[in-house]
Every structure is written in C-alpha cells, then in structure tokens.
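# Analysis of the macromolecular model
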Amino acid sequence: MQIIKKEILVQAPDVIIKRIEVLSPLIAKAAQPGQFVVVMVSELGERIPLTIVDRDIKNGAITLIFQEVGLTTKLLGKMNAGNSLYALAGPLGHATEIKNYGKLILVGGGVGIAEIYPAAKAFKEAGNHITAILGARNKDLLILEQELKASSNELHITTDDGSYGRKGFVTDILENLLTYSSQLTAYSLIYAVGPIPMMKEVSRVANNFKIKTIVSLNPLMVDGTGMCGCCRVTVSNKTKFSCVDGPEFDGAQVDWDELTQRNMAYLDKERHICSIINLVPCHPERAHSLRHPE
Ligand code: FES
C-alpha cells in the first residue's frame, strides 16, 4: 500500500487533481475496468472510493486519480511517494461489460475523464470504434487528453468557457453526433462518467435517440461491500447498492434527483469539520462525490 509515484495533473486556484501509483500486487492482478478501491488514508479517517484508472501487473501497482475536494482527499494529496496508505480494499464493484458493441461514444466530464480511460482502452481492444467526448470547465482543468486520444478513434473536446475545443457542453457534441449518424454508422452504446447533472443529461439525450447509456454512479459509500446500505440508489424503481450491484447502471433508469439529494446528506457536518481543522479551501458540498466530484 505504499505510494510509489505522485504527480499533479491539475493545479488551478479552485481545482487540484493528482495521480498516484500505489503498490498492491493482488489488486493490480485482479482489477478490471470499472472497478474501484476503498482507501483509508489514516486509522481514524473515513473510507473513500476511488476508481482504479490503470494497473501495472508487472510492478504490482495501481493508478488512482483524485480531485482534492474534502478532508480525506486533501490528506491523501499531502502524502508523497514513500508514504503508505493505512488501508486499501479492492477491487470492488462489477467490472464494465466489455464486448464488441460496434460503435461507442464515451463521455467524460471533469475528473470523470479518468474513469472512462480504462473503459476506452478495453473497449478499443475488444474491437469497438470509440468516439470520446471530454468536457471540462476550461482548458487548464482538462486531464488525460493524450491518453484518450490514443485509445479512441475520434476525440471531441468541449470547455464551458471556450478556452479549448468547442465552447459548450458534452451534450452539445453528443446530440450532434447522434443527430447526424446514419443507420449504417449508428452508435450502439453510450458510456458516461462525470458529475451527476452531466450523466443525467447525457442519459436523457441518448434516451431520446433510443440508445442505452451506462453510467458509473458516485453515491456516498462507507464499507463498499454491501453491508452499510449507505450507497443505495434507485434504479428501475428498485433499490440497489451501488458498491455491489454497480457502480454502473442504465442511466435512463436512475433516480437522479434522489441521488443528488442523498449525496448532500452530510454537508453540514463536513463543513463543520473543515472549519474546526481550518481546512481552506474546502468544498464540503462536493466532498462525498469523490470518484468524480461535481
Ligand atoms: S457502501 Fe455500504 S452498502 Fe455500499
């Protein structure tokens, strides 16, 4: 569980995103795209879920990418190569169903781009034609552009402010692609990871074109093994535990409003902790969406 490499991917005034490589030969051997680990930085700290972005079986290491948003990710961000995590459990959750679908669109927003990367590589290896759409608020916050370029056939970039790629949202490009795709080149599946409003909107747009969207959800998690019930989400009017039934679900069937509300449940408490330990800046409203913050 030793951190062997640490790198800053984004250092902007209000966004810090880091990549670490952690020694864990067993997890590296078993991990599949779409799975995550639960990390404890210290003995008294909380557990946080982080997606396994990459693995190096030879060196027994996994790659994690996280945005510093709340107490635990900020503490994790302070750790350096040579330091060890207190605990690491995984790989958890169901792996992405990788097969040859034909033409796929992968949509990544913010740090969610890190989560579509392992899926993009695996889908490409399975013979799919990959169109990737990456969205960020501005150019400085865009991550893994070169990696996604290498693992896709077509790459589109949007920024909210137009500082790079097309000005607008990922759904603008998505709607365009779906509108102008002919039956011959029709897309079979959309795979989207990012902030809740983005995944909700991608699912809505894709549903209008009767294309299935797989989303990777980011509810609050405690144990990550189906015991606490904390990560429950409603999908197709049924209660599911995101950690053991997911984290991937059919986006058209997710109760997005409930997920949004549940993710804000501990806002006040996190704000309180941040103020006690003088952790500034702290964005408690985003602290629990750790796998891909808003
Ligand atoms: S995190 Fe406890 S049941 Fe899923």
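Preceding block: the structure.
Rules and cut-offs
- Residues numbered from 1 in each chain as written.
- Predicted model: local features only at pLDDT ≥ 70, side-chain atom pairs only at ≥ 80, totals over all residues.
- Helix = DSSP H or I, 4+ residues; strand = E, 2+ residues; numbered from the N terminus.
- Expected span 1.5 Å × (residues − 1).
- Pairing = 2+ DSSP bridges.
- Contact = placed C-beta atoms within 7 Å.
- Axes fitted to C-alpha atoms, helices over the stretch in contact; angles between N-to-C directions.
- Buried ≥ 20, exposed ≤ 12 C-beta atoms within 10 Å, placed from the backbone.
- Parallel < 35°, antiparallel > 145°, perpendicular 65-115°, else oblique.
- Left-handed = near helix turned anticlockwise from the far one by under 90°.
- Nonpolar A, V, L, I, M, F, W, Y, C, P; charged D, E, K, R; others polar.

What follows deals with helix α6 (residues 196-208). Here α6 contains 13 residues, and its C-alpha end-to-end distance of 18 Å stays within 8% of the 18 Å for a straight helix at 1.5 Å per residue. Once α6 finishes, Lys 210 follows within two positions and takes phi at roughly 60°, a positive value.

Sheets are built from strands paired through backbone hydrogen bonds, the pairs being either parallel or antiparallel. Judged by pairing direction, the sheet is mixed, and its 7 strands sit side by side in the order β10-β9-β8-β7-β11-β12-β15 without closing on themselves. Of all strands in the sheet, those with a lone pairing partner are β10 (166-167) and β15 (248-250), marking the two edges. By the bridge criterion, 3 bridges tie strand β12 (residues 212-216) to β15 in an arrangement that is antiparallel. Its bridge partner lying in β15, Val 215 is registered against Phe 249. Helix α3 (residues 113-125) contacts β7 (103-109), β8 (129-136), β11 (189-193) and β12 of the sheet and is inclined by roughly 160° relative to β7.

Glycine aside, residues mostly have negative phi angles, and peptide bonds mostly take the trans form. Here the amide bond leading from Gly 90 into Pro 91 is cis, since omega sits at -5°, within 30 degrees of zero. For Pro 91, the position within the fold is in strand β6 (residues 87-92). Between Gly 246 and Pro 247 the backbone carries a cis peptide bond, its omega angle lying at 10°. Inspection of the secondary structure assignment puts Pro 247 in the loop between α7 (242-245) and β15. Located in the positive-phi region is Ser 236, a residue other than glycine, with phi close to 55°. Note that Ser 236 resides in the loop between β13 (232-235) and β14 (238-241). You can call Ser 236 exposed: it has 11 C-beta atoms within 10 Å.

This part covers the packing of helix α5 (residues 170-180) against α6. Running from amino to carboxyl end, α5 crosses α6 at an angle of 15°, the nearest separation of the two axes being 10 Å. On the basis of the axis angle, α5 is roughly parallel to α6. Crossing of α5 over α6 shows right-handed handedness. Within the contact between the two elements, α5 uses Val 170, Thr 171, Leu 174 and Glu 175 and α6 uses Met 198, Glu 201, Val 202 and Val 205. The residue inventory of the contact of α5 with α6, partitioned by class, reads 5 nonpolar, 1 polar and 2 charged.

The strand order across the open sheet formed by 6 strands is β1-β2-β5-β4-β3-β6, and the pairing between neighbours is antiparallel. In the strand order of this sheet, the two ends are held by β1 (3-12) and β6, each with one partner. The average undirected angle you get between the axes of adjacent strands in this sheet is 30°. As defined by bridge partners, strand β2 (residues 15-23) adjoins strand β5 (residues 61-67) across 7 bridges and the pair is classed as antiparallel. Residue Val 22 lies in a different strand from β5, and its bridge partner there is Ile 62. Of the strands in this sheet, β2, β3 (36-40), β4 (47-56) and β5 touch helix α2 (residues 71-78), which is tilted by about 125° from β5. Those strands touched by α3 are β4 and β5, and its axis lies near 40° from that of β4.

Let's shift gears to the environment of Lys 139. Assignment of secondary structure puts Lys 139 in the loop between β8 and α4 (145-150). Excluding residues within four positions of it along the chain, Lys 139 makes contact with Thr 159, Ser 163 and Tyr 164.

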